[in-house]
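Here's the letter readout for the chains.
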Amino acid sequence: VITKTAEAFANGETWVLRTNGRKRGEEIDTAEAKRIKKLLAKPNAYQTRSAFESELVINTLLFGWCILYADKAIGFKNVDAKSIHVISPSEVEIEYKDNSWKNKNRGWDDIVNIWVVKDGQKSKLYKNNCYIIRDIVPNFCINGFLPTSRVDTISSAIQNIIDGMESRGVLLRERGIRGIITNRTSDAGSWFPVNPQEKEEFMNELKGSFGLLKGQHQIAFSNKDLLYQKMSVPFSELGLMEEDDNSKGKVCDAYGFPKLLLSNDGTNGATNSNMQVATRNLYQNLVMPFSKNIFEQINDFFETDDLNMVIERDYSKLSVLQPDQKEYAEAKLRSNQANNIAF
C-alpha cells in the first residue's frame, strides 16, 4: 500500500508559482525559484526526484514523520542548500531537555540534539538544518510533537496477515496434522506399546515417501497392525483467506487506499472500468490530499511566503484523471448553453 502510494505520488508535476501581482499563479523565474527547482529536480548526488520523493513518502507513511535535512552553511537559508536529504526515523535519536517529559506539549524548542545512529556510530546533525515532515493524520501522540504512525492502529491486522501466511506456508509444506496412527497389536492384558525407535523409523518412512508433493505416494502399507484416525480439517474451514482479506481491508482503510488496486488476479471482481475508478479514487482521496500536506510543509521548509512564491504539485495531466476534465467541460458547455438561452 505504501509503496504503491509513493509511486503514484511521484507521477505529478511540480510548479513554482507567483503569489502576488498581476502575474499571480504564473510560473516564477527568479534566482530563488531556480534554486528551488534545481533542488527538487536533483535533490542530492545519489537520488533522482522520484527516488527522493518516494523515500520521503514511504518514511512519512510508515513512521508518521521523517526529517528533511538541508546541507547548507551555517547562517544560510534552506533555499541556499547544496542538497537536501530524507533521514528515516529508524536512524534518528532525539535528545530532549531534562524534565521536558513533564511538558505534554513539548516541541521543537525542547530538543537539545538530533543524532543519526548507524552501524553503532552516532553523528550529530545541525538542528537548524533539520525540518520535521509530518503525516496528514491528526496527532494523538503523548508528547504532542512527533506524530504516531498509522501502522500503530493496524498492528493487529498486519500480524493477522503475517500469521495467516505462516499458517498457509506450514500447510503447504507439511499439510498439517492429518491424523493419529495407533498400534492395535495386543495380548490378553493390554495393547503392545511402540518403542521410540520404531516410532521414529515409521515416521521417517512416511515423511519421506508419502504425501501430496510431486514424487510422493498417496497410499501407505505396513506389516504392523495399525489404526489410522483422521483428524485433518478442510482448508476452507480454517478461514485463513477470509481473515487475510479482512485484514487487508483494514490496512487499506487506514491509508485511504482502494483495496481493488492491491491485486488484479481476476478473483477480486476487478474490471477495466472499476480499476480506472479505483485509480481515480487513489489520487483524489489519498495522493492529492497527502501531496498538498507534504508540499505545504516543503513551502514552509523553503520559506516561500517570504519570497512571494508557492510550490505546488499538479496531477491534472494524468490520463486516468482526464474523465474529470471531460465531465467538467460538458458541465461548462451545458451551463453556457443555458446562460445563452436566458440572455
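Our subject is the structure listed above.
Visitor: Explain the side chain of N299 to me, please; I cannot follow it from the model alone.
Guide: Within the element layout of this structure, N299 appears in helix α8 (residues 272-302). The class of N299 is buried, set by a relative accessible area of 10%. Leave out the neighbours within four places in its chain, and N299 touches T304, M309, V310 and I311.

Visitor: Please clarify how the sheet that holds strand β6 (residues 121-125) should be interpreted in this entry.
Guide: Whenever strands of a sheet pair, they do so through backbone hydrogen bonds, lying parallel or antiparallel. Within the open sheet, the three strands sit side by side as β4-β5-β6. Their pairing is antiparallel. In this open sheet, the two edge strands, each paired with only one partner strand, are β4 (92-96) and β6. Strand-to-strand twist across the sheet, computed as the mean angle between neighbouring axes with direction ignored, equals 30°. The pairing of strand β5 (residues 111-118) with β6 spans five bridges and is antiparallel. Its bridge partner lying in β6, V116 is registered against S123.

Visitor: I would appreciate a short explanation of unusual backbone geometry in the present structure.
Guide: Peptide bonds are trans in most cases, and residues, glycine excluded, mostly fall at negative phi. Its identity is not glycine, yet E303 carries a phi of approximately 55°, on the positive side. Secondary-structure assignment places E303 in the loop between α8 and β10 (309-314). Of note, the phi angle at N308 is positive, near 55°, even though the residue is not glycine. Assignment of secondary structure puts N308 in the loop between α8 and β10. N308 sits in the partly exposed class, given a relative accessible area of 36%.

Visitor: Looking at this structure, I do not really get helix α2 (residues 31-41). What am I missing?
Guide: Residues spaced three or four apart along an α-helix point in a common direction, a consequence of the helix completing one turn every 3.6 residues. Those residues of α2 lying buried are A33, I36, L39 and L40. All buried residues of α2 project into a common sector of 125° when viewed along the axis, lining one side.

Visitor: I would appreciate a short explanation of the pattern of salt bridges in the present structure.
Guide: Opposite charge on two side chains lets them pair, provided their charged atoms get close. Under the counting rule described, the total for this entry stands at 11 salt bridges. The salt bridge involving D80 is made with R35; its shortest N-O contact spans 3.3 Å. A residue pair is termed long-range when its members are at least 10 positions apart, and D80 in the loop between β2 (65-71) and β3 (83-87) and R35 in helix α2 qualify at 45 residues. Connected via shared salt-bridge partners are E27, D29 and K37.

Visitor: What should I look at first to understand the sheet that holds strand β7 (residues 130-134) in this one?
Guide: With antiparallel pairing, the three strands of this open sheet are ordered in space as β3-β2-β7. In the strand order of this sheet, the two ends are held by β3 and β7, each with one partner. The average angle at which neighbouring strand axes cross in this sheet is 25°, direction not considered. Alignment of β2 against β7, held across five bridges, turns out to be antiparallel. Opposite Y69, over in β7, you have C130 as the bridge partner. Helix α3 (residues 49-63) contacts β2, β3 and β7 of the sheet and is inclined by roughly 145° relative to β2.

Reading the values: rules and limits
Residues numbered from 1 in each chain as written. Predicted model: local features only at pLDDT ≥ 70, side-chain atom pairs only at ≥ 80, totals over all residues. Heavy atoms only, no water. Helix = DSSP H or I, 4+ residues; strand = E, 2+ residues; numbered from the N terminus. Buried < 20%, exposed > 50% of the residue type's maximum accessible area, 1.4 Å probe, protein only. Contact = heavy atoms within 4.5 Å. Pairing = 2+ DSSP bridges. Axes fitted to C-alpha atoms, helices over the stretch in contact; angles between N-to-C directions. Arc of directions from axis to C-beta. Salt bridge = Lys/Arg side-chain N within 4 Å of Asp/Glu carboxyl O.

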